[in-house]
Amino acid sequence: MSSRNAAGAQAMFRHPPPLSRAGAPPMFPYPPPPPPLPHGAVPFVPPVGRFPPPPPRGAVPYYGGAVRPLPPAAAMNVEMRSVTAANFASELDLIGSLLPAFPIIVVDTEYPGAVHRPAAGKRESQLTADERYALVKANVDELPIVQLGITICDAQGNLPRGVDLAGRPVELAWEVNFSDFDVRRDRHVPESAAFLRSQGIDFDLARAHGVASAAFKDKLLAVLPAPARREALTWAAFGGAYDLAYLVKMLADGQPLPETREAFMAQVRELLGGRVFDAKHMAENCGRGDLRGVGLRGVAANLGVPRHFPEPPCLAGPKSLTACRIYTLLRRNVLSADGGASHEGLIDGL
């Protein structure tokens, strides 16, 4: 998702205090890169006495069923691990080591608005799928990515766990900050840039300390399974046209997106492998009226997705986390007849 719907939104997300060395100034208004997790801090099977046992199926809202009081294991905090040039290699190594146990990858992106709009007198809702793809292509080809949120989970919706510096168990998600966008040089929508600033993004610090998308791509490809073994992966997003387009652009060395919608979807399958889902398309077409046309926060609220932060999320990391919870609940509860399989490859708007 983008910052295009940000106008009028509240300042809805603030990261927790940085977990950094004493006296070290943060590189960003959000936490600096966290230190590597202690050995064994992200086990696939929690060691005895370290973590509580995983909650039973149906014990938490996003597993499906009625909303029940959350047990301690489900109520644990989420550590949003900030990724920059200083730590992207080690953080991607960590993600790669976790993928065999957590093969569902949910992404969200932030970018500096949509400078290309529908023709005068025509609303985006009136565009055909091909016209909408042409609009996505024009914007993604021209505008650099600002952030990528990554949340990984298993088939039951469990996130990998670690411990924070105080020794408390936490669930893990990631927010990657890129250096590509230059607010002084690159075209952008001023209102979108102002909104991202209001959420804590400092574009000058991002230029100085963020990771270049080309370097991130090289490392990401190194930690993903070989193309022949990516069928085990599942990729998901909420309103994922721009999210998938930026991911494809990155993995294709920054080359322009394919000319046609069909060629784009073929490139998605080729580069990502596995299965692709859009939780917004699933919500809009699941038969529940309260999930239509209400956006990420509305769908999350109507599904009873637990809020892990004191304010609703507005940046790529927490939005990928919310999208992950939505996708899991839709698949396991609302669309439980086929687990959402009938929505595979269907991207909202495309």
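Residues numbered from 1 in each chain as written. Predicted model: local features only at pLDDT ≥ 70, side-chain atom pairs only at ≥ 80, totals over all residues. Heavy atoms only, no water.

### Structural notes on the packing of aromatic side chains
- In total, this model carries 6 aromatic pairs according to the counting rule given.
- Ring geometry for Tyr111 versus Tyr242: centroids 4.9 Å apart, planes at 15°, classification stacked. Taken together, the positions of Tyr111 in the loop between strand S2 (104-110) and helix H2 (129-142) and Tyr242 in helix H6 (residues 241-251) put the pair 131 residues apart, joining distant regions of the chain.
- Look at Tyr111 and you get buried, because its relative accessible area is 0%.
- Among the residues examined, Tyr242 registers a relative accessible area of 4% and is labelled buried.
- Consider the rings of Phe277 and Tyr327, whose centres lie 5.7 Å apart with planes at 40°: the pair is tilted. Of this pair, Phe277 sits in strand S7 (residues 275-278) while Tyr327 sits in helix H10 (residues 316-334), and the two are 50 residues apart along the sequence.
- Site record: aromatic cluster; members linked through ring pairs are Tyr111, Tyr242 and Tyr246. (Phe/Tyr/Trp six-rings, centres within 6.5 Å; stacked < 30°, edge-to-face > 60°. Helix = DSSP H or I, 4+ residues; strand = E, 2+ residues; numbered from the N terminus. Buried < 20%, exposed > 50% of the residue type's maximum accessible area, 1.4 Å probe, protein only.)

### Some remarks on the environment of Ala232
- With respect to the element layout, Ala232 can be found in the loop between helix H5 (213-223) and strand S6 (234-237).
- Sequence-wise, Ala232 and Leu99 are 133 residues apart; in three dimensions their C-alpha atoms are separated by 9.5 Å.

### Brief notes about helix H7 (residues 261-272)
- Compared with the 16 Å implied by 1.5 Å per residue over 12 residues, the 16 Å span of H7 between its first and last C-alpha is a close match.
- Of the residues making up H7, those classed as buried are Phe264, Met265, Gln267, Val268, Leu271 and Leu272. All buried residues of H7 project into a common sector of 155° when viewed along the axis, lining one side. Structural note: H7 exposes Arg269 and Glu270 on the side pointing more than 90 degrees away from its buried face.
- For H7, the elements touching its buried residues are H2, S6, H6 and S7. (Expected span 1.5 Å × (residues − 1). Arc of directions from axis to C-beta. Contact = heavy atoms within 4.5 Å.)

### Section: the nonpolar core
- Membership of the largest hydrophobic core comes to 54 residues, with the highest contact counts inside it found for Ile105, Leu148, Ile150, Trp174, Phe216 and Phe264.
- Excluding anything up to four places from it in sequence, Ile150 contacts Ile95, Ile105, Val106, Ala173, Trp174, Val176, Phe216 and Ser320. (Core = buried A, V, L, I, M, F, W, Y, C linked by side-chain atoms within 4.5 Å.)

### Here's the deal with the pairing of strand S5 (residues 169-177)
- Burial within S5 is extensive, with 8 of its 9 residues counted as buried.
- Inspection of the sheet shows strand S1 (residues 78-83) paired to S5 by 6 bridges, in the parallel sense. Bridge pairing links Glu79 to Leu172 in S5.
- As paired elements, strand S3 (residues 147-153) and S5 share 4 bridges and run antiparallel to each other. Looking across to S5, one finds that Gly149 is bridged to Glu175.
- Relative to S5, strand S4 (residues 161-163) runs antiparallel, the two sharing 3 bridges. In the strand pairing of S5, Gly162 is matched with Val170. (Pairing = 2+ DSSP bridges.)

### Overview of the pattern of salt bridges
- All told, the structure shown has 20 salt bridges when counted by the stated rule.
- For Arg261, the salt bridge identified is with Glu262, shortest N-O distance 3.6 Å.
- For Asp290, the salt bridge goes to Arg288, with nearest N and O atoms at 2.8 Å.
- Given a relative accessible area of 32%, Asp290 falls into the partly exposed group.
- For Arg288, a relative accessible area of 28% puts it in the partly exposed group.
- Linked through salt bridges whose partners overlap, the residues forming this network are Glu79, Arg81 and Glu91. (Salt bridge = Lys/Arg side-chain N within 4 Å of Asp/Glu carboxyl O.)

### Things to note about the environment of Lys319
- Position of Lys319 relative to the elements: it lies in helix H10.
- Spatially, the C-alpha atoms of Lys319 and Val107 are 8.3 Å apart, while their sequence positions differ by 212 residues.

### Some words on the side chain of Lys217
- Along the polypeptide, Lys217 turns up in helix H5.
- Residues within four places of Lys217 in sequence aside, it is in contact with Met250, Leu251 and Asp253.

### Let's talk about H6
- In terms of burial, H6 is a largely internal element, 11 of the 11 residues being buried.
- For H6, the set of buried residues is Ala241, Tyr242, Asp243, Leu244, Ala245, Tyr246, Leu247, Val248, Lys249, Met250 and Leu251.
- Looking at the residues trailing H6, positive phi occurs at Asp253, about 65°.

### Thoughts on the pairing of S2
- Most of S2 sits out of view: 7 of its 7 residues are buried.
- Side chains Ile104, Val106, Asp108 and Glu110 project from S2 onto one buried face, and the interleaved Ile105, Val107 and Thr109 project onto a second face that is buried too.
- Across 7 bridges, the pairing between S2 and S3 is antiparallel. Looking across to S3, one finds that Val106 is bridged to Thr151.

### Quick notes on the confidence of the model for the protein chain
- Taken over all residues, the pLDDT of the protein chain has a mean of 82, while the share at 70 or more is 77%.
- Note that pLDDT drops below 50 for residues 1-31; the model gives that stretch 80 contacts with residues more than four away or on any other chain.
- A low-confidence stretch, residues 38-74 (pLDDT under 50), is modelled with 67 contacts involving residues beyond four sequence positions or located in other chains. (pLDDT = per-residue confidence, 0-100.)

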